[in-house]
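One-letter residues, chain by chain:
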Amino acid sequence: MGSASDKVSGMANKAAGNIKQAAGKATGSREMQAKGRMQEMKGEAQEAKGKAKDAVKKIIDKA
């Protein structure tokens, strides 16, 4: 995946994770809240990966 697709996937996972967490809170499901938090963290990692790819590309382009 390219950096842009990593960032987009990350944002989508963060949004879905937030929705799952809210649904878990509304229904009292700790399991759903935990799954939502895990998905949100996955999204954060994907975004970080995309940003890291951008940084490496900038360094390579300068060389």
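Below you will find a few notes about this structure. The structure presented is a predicted model; accordingly, all values stated were derived computationally and were not measured. (Residues numbered from 1 in each chain as written. Predicted model: local features only at pLDDT ≥ 70, side-chain atom pairs only at ≥ 80, totals over all residues. Heavy atoms only, no water.)

Structurally, Q39 can be placed in helix α2 (residues 30-62). Q39 gets classed as buried once you look at its relative accessible area, which sits at 17%. Dropping the residues within four chain positions of it, Q39 is found in contact with N13, K14, A16, G17 and K20. (Helix = DSSP H or I, 4+ residues; strand = E, 2+ residues; numbered from the N terminus. Buried < 20%, exposed > 50% of the residue type's maximum accessible area, 1.4 Å probe, protein only. Contact = heavy atoms within 4.5 Å.)

Time to look at the pattern of salt bridges. One pass over the structure, following the stated rule, counts 7 salt bridges. In this structure, the salt-bridge partner of K7 is D54, at a minimum N-O distance of 2.3 Å. Of the two residues, K7 is situated in helix α1 (residues 3-27) and D54 in helix α2; the sequence distance between them amounts to 47 residues. Each of R37, E40 and E44 takes part in salt bridges that share partners, so that together they form one network. (Salt bridge = Lys/Arg side-chain N within 4 Å of Asp/Glu carboxyl O.)

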